[in-house]
Amino acid sequence: MSTSFDYIIIGAGSAGCLLANRLSADASKRVLLIEAGRRDDYHWIHIPVGYLYCIGNPRTDWLYNTEPDAGLNGRVLRYPRGKTLGGCSSINGMIYMRGQARDYDQWARLTGDDAWRWDNVLPYYKLHEDHYKGANASHGARGVASELLGDAGTPYRKVLRHRNAGGEWRVEKQRLRWDILDAFAQAAQQAGIPATDDFNRGNNEGVGYFEVNQRNGWRWNTAKAFLRPTCYARPNFEMWTSAQVASLQLEKQPDGSLSCTGVQVWASSEMVVASASTEVILSAGSIGSPQILQLSGIGPADLLQSKGIAVLKDAPGVGANLQDHLQIRSVFKVQGAKTLNTQANSLWGKAMIGLEYAFKRSGPMSMAPSQLGAFTRSDPAQPYPNIEYHVQPLSLEAFGEPLHSFNAFTASVCNLNPTSRGTVHIKSPNFQEAPAIAPNYLSTEADRKVAADSLRVTRNIVSQAALARYQPVEWKPGTQFQTDEELARLAGDIATTIFHPVGTTRMGSPDDPYAVLDSRLRVRGVAGLRVVDAGVMPLITSGNTNSPALMIAEKAAQWIAQDAAASGRG
């Protein structure tokens, strides 16, 4: 087993798999990809409905929990994070969503770097996209992605063309529909939300079915898209699975700055040191990356000292700025409508569902967790869509619980731009101990107001004529809750994470003391170390966060190659 490489990538999740593909395209560079989880050979990873068996399963999930949260009236939430090849792309809801153009324009303002403007990130989405409708002004497709960067991206374009890369990330239309969801969409339009057939053109306002990362009815994770078979066939690529990084190898330079030269890895019951001559890239996610930095002596000095860790760099932003989308689930009982609750409540129903998937790759087993989406405003004064709906033809008491015995649908709504901020902090120097995750949900008056208003928007949609024939009755939370105070308190009782943690290693401008990274994702004050995952976002995107993580990795791959060339190591 070799232990010397040019690049070491920590985490074979959404960002890490794409980075491994791009960086190993240069045959002169030796690339090591390290994944704490196992290979993605568990069958439930690949069947879309299998997320039910992957979340909460130690085979595929880190099994994190949050700290008791005051905003949730002291409740603790399960906090799923993928622990397998493909990371969260192996257990998530498969929804392809970029957010809104304004998100990226805000990133550009906060970092002082126009590279993050919407117009400048769109080509990097299209580079790896394979949209089922083909290439157009908004979308990429297999076979054309390498031409999207223009003259400014010539070196990277040559890499893409040479390795026949680009267009690996499949985006497809869902393979089922439901009458009750169609009726909800019509009701949303009656409530003033326009219909849309594309949430990904920069303004996602509207209602429609989500597009998903699937291929022919199977989940399409980043391991399939970017590692197999491309990377496995490259002699300069190596991958370690069931290997957890304990800490980074850091050296003091003559000028007092730090340099990252490698990693300590717990692999096969022994500690191994792997060295990197060019860069170490942290892609362990918004929970894992700050944890590894803190264990290595990079983080808030008072936290590190309290845990007995030598402070190599006081970086107060490491583990700060945690943002997440908190969803509030409203359940409505209905009459005369087919829903999954009763379709799957008998052996015969389950058998028919299984047969439909076996022969057609369609039906409920091909379902993303949420099929219908809507983006709108929590109140008319909002300048842009600030809430998102995930609507499902089913209901249950809580994730992992059995479906209800009656027909119902669930309309989950989340605040797209929460102002609450949380933290991720190590609990001890033990790399195998999960960090303390404190999202601090609903800790601002603004977030509590949006929570209350969004529940009223839900009720307004359901009251429209299009749903009247199904006689919807609010089962949860219940119409007895009406005032802002009641609804905000209620949100604390029933809301759950929608699994979108970001921001814990945020990038920012040179004068931002809490910015862990510069605008090219390099860790400030540490040569040879970069973070490339959702943790780099200074603000959460206005939608699901998996696709933005891939775009970030695509941009980072080009910068990494450019920096290596500029330093004479390319």
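Now for a description of the structure that goes with this document. Just so you know, these numbers come straight off a predicted model, no measurement behind them.

### Points about the environment of Ile540
Counting through the fold element by element, Ile540 comes out in the loop between strand E26 (529–531) and helix H15 (546–566). Its relative accessible area of 4% is what places Ile540 among the buried residues. For the pair Ile540 and Gln371, spaced 169 residues apart in sequence, the C-alpha separation works out to 22 Å. Not counting the four nearest positions on each side in its chain, Ile540 is found in contact with Asp103, Gln323, Asp324, His325, Leu416, Asn417, Pro418, His500, Val502 and Thr545.

### Some points on the state of the cysteines
Considering all chains together, one arrives at zero disulfides under this definition. A disulfide-free cysteine, Cys17 has its sulfur positioned 8.1 Å from the sulfur of Cys231, the nearest such atom. Overall, Cys17 belongs to the buried group, its relative accessible area being 0%. In this model Cys54 remains outside any disulfide bridge; the closest cysteine sulfur is found in Cys88, 12 Å from its own. According to the relative accessible area criterion, Cys54 is buried, its value standing at 0%.

### Re the pairing of strand E20 (residues 408–415)
Most of E20 sits out of view: eight of its eight residues are buried. Both faces of E20 are covered, namely the face carrying Ala408, Thr410, Ser412 and Cys414 and the face carrying Phe409, Ala411, Val413 and Asn415. For strand E17 (residues 326–333) and E20, the ladder comprises seven bridges, and the chain directions are antiparallel. Across the sheet, the residue bridging to Phe332 is Phe409, located in E20. The pairing of strand E19 (residues 387–392) with E20 spans six bridges and is classified as antiparallel. When the sheet's bridge partners are listed, Glu388 is paired in E20 with Cys414.

### Description of the pairing of strand E14 (residues 270–282)
Two elements, strand E1 (residues 4–10) and E14, share six bridges in a ladder whose sense is parallel. For Ser4, the partnering residue across the bridge sits in E14 and is Ser275. Sheet topology places strand E13 (residues 258–267) next to E14; six bridges connect them, and they run antiparallel. The residue of E14 that forms the bridge with Val265 is Val272. Turn length for the E13-E14 hairpin, with the two strands adjacent in sequence and antiparallel, is two residues, and the turn residue Ser268 shows positive phi of about 50°. Pairing analysis gives three bridges linking E14 to E26, with the strands arranged parallel.

### Description of the environment of Ile8
Position of Ile8 among the secondary structure elements: in strand E1. Judged by its relative accessible area of 0%, Ile8 is buried. C-alpha separation for the pair Ile8 and Thr278, spaced 270 residues apart in sequence, amounts to 8.7 Å. Filtering out sequence-adjacent residues up to four positions away, Ile8 remains in contact with Leu32, Ile34, Gly262, Val263, Ala274, Ser275, Ala276, Glu279, Val280 and Ile281.

### What to know about empty space enclosed by the protein
Enumeration according to the criterion identifies two cavities of 30 Å³ or more in this entry. When its volume is computed, the largest cavity comes out at roughly 170 Å³. Around the largest cavity sit 18 residues that line it, and Leu326, Asn415, Pro418, Leu442 and Asp447 are the ones nearest its centre. For the lining of the largest cavity, the leading source of residues is helix H13 (residues 445–462), giving four residues.

### Notes on helix H14 (residues 484–494)
Of the residues making up H14, those classed as buried are Leu487, Ala488, Leu490, Ala491 and Gly492. Looking at the buried residues of H14, the elements they touch are E17 and H13.

### Focus: the packing of helix H5 (residues 118–128) against H15
Axis angle and axis distance: for two packed helices, these are the angle between their axes and the distance between the axes, and together they describe the pair. Relative to each other, H5 and H15 sit at 100°, their axes nearing to 9 Å. What the angle tells us is that H5 and H15 run roughly perpendicular. Only Ser547, Pro548, Leu550, Met551, Glu554, Lys555 and Gln558 of H15 make contact with H5, whose side of the interface consists of Asn120, Val121, Tyr124, Tyr125, Leu127 and His128. Counted by class, the contact of H5 with H15 contains seven nonpolar, four polar and two charged residues.

Parameters at a glance
- Residues numbered from 1 in each chain as written.
- Predicted model: local features only at pLDDT ≥ 70, side-chain atom pairs only at ≥ 80, totals over all residues.
- Heavy atoms only, no water.
- Helix = DSSP H or I, 4+ residues; strand = E, 2+ residues; numbered from the N terminus.
- Buried < 20%, exposed > 50% of the residue type's maximum accessible area, 1.4 Å probe, protein only.
- Contact = heavy atoms within 4.5 Å.
- Disulfide = S-S within 2.5 Å.
- Pairing = 2+ DSSP bridges.
- 1 Å grid on protein atoms, 1.4 Å probe; cavity = no way out; pocket = protein on both sides within 12 Å on 5 of 7 lines; lining within 4 Å.
- Points joined across faces, edges and corners; volume = space filled by probe spheres on them.
- Axes fitted to C-alpha atoms, helices over the stretch in contact; angles between N-to-C directions.
- Parallel < 35°, antiparallel > 145°, perpendicular 65-115°, else oblique.
- Nonpolar A, V, L, I, M, F, W, Y, C, P; charged D, E, K, R; others polar.

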